[in-house]
Amino acid sequence: MNFLTVVIIGLVFGALGGVGIFFEPKEPYKWQILCAAPLKGALVALLTGFSLATTTRWWSAMAIGAFYGLAFSLVIYLAKGGPKSGDAPYVIPGGIITGALSGLFIVIWAIKTI
């Protein structure tokens, strides 16, 4: 596994998932969330990368990434107040999608060797 590639993939997808916070006019901590999102993405990518092998298929890598993305999204969702916050329609699907895409690109660029 190429460690640097995995971290960069996580940082990019985490940042892409975090920029959506600027579409919420009532959120007072936009820049803090934007700074935390790439860190979450890097952690999801590292967990996904360490869970994959060179024989892992792309769909399995996406499932593993989606699982870790869901787990981290649930942590954020619950930390923001859970059902009272109303953030579930945005946080949880975004985490699943970015985790799945991280898993796909990790297996393509960081795990597989030609």
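Structure's up top.
Attention in this report is confined to the structure presented alongside it. The model shown is predicted, which means the values in this text are computed figures rather than measured ones.

Glancing now at the packing of aromatic side chains. The geometry of an aromatic ring pair comes down to the distance between the two centres and the angle between the two planes. Counting across every chain of the model gives 4 aromatic pairs. Seen from their ring centres, phenylalanine 13 and phenylalanine 105 are 5.5 Å apart, and the 25° between their planes marks the pair as stacked. Taken together, the residues phenylalanine 13 in helix 1 (residues 3–18) and phenylalanine 105 in helix 4 (residues 88–111) connect sequence positions 92 residues apart. An aromatic cluster is present here, built from Phe13, Phe105 and Trp109 joined pairwise through their rings.

Nonpolar side chains in soluble globular proteins tend to be buried together. The biggest cluster of nonpolar side chains holds 12 residues, and these are Val6, Val7, Ile9, Phe13, Ala45, Leu46, Leu52, Ala61, Ile106, Val107, Ala110 and Ile111. Contributions of two or more residues to this core are made by helix 1, helix 2 (30–51) and helix 4.

Criteria and thresholds
Residues numbered from 1 in each chain as written. Predicted model: local features only at pLDDT ≥ 70, side-chain atom pairs only at ≥ 80, totals over all residues. Heavy atoms only, no water. Phe/Tyr/Trp six-rings, centres within 6.5 Å; stacked < 30°, edge-to-face > 60°. Helix = DSSP H or I, 4+ residues; strand = E, 2+ residues; numbered from the N terminus. Core = buried A, V, L, I, M, F, W, Y, C linked by side-chain atoms within 4.5 Å. Buried < 20%, exposed > 50% of the residue type's maximum accessible area, 1.4 Å probe, protein only.

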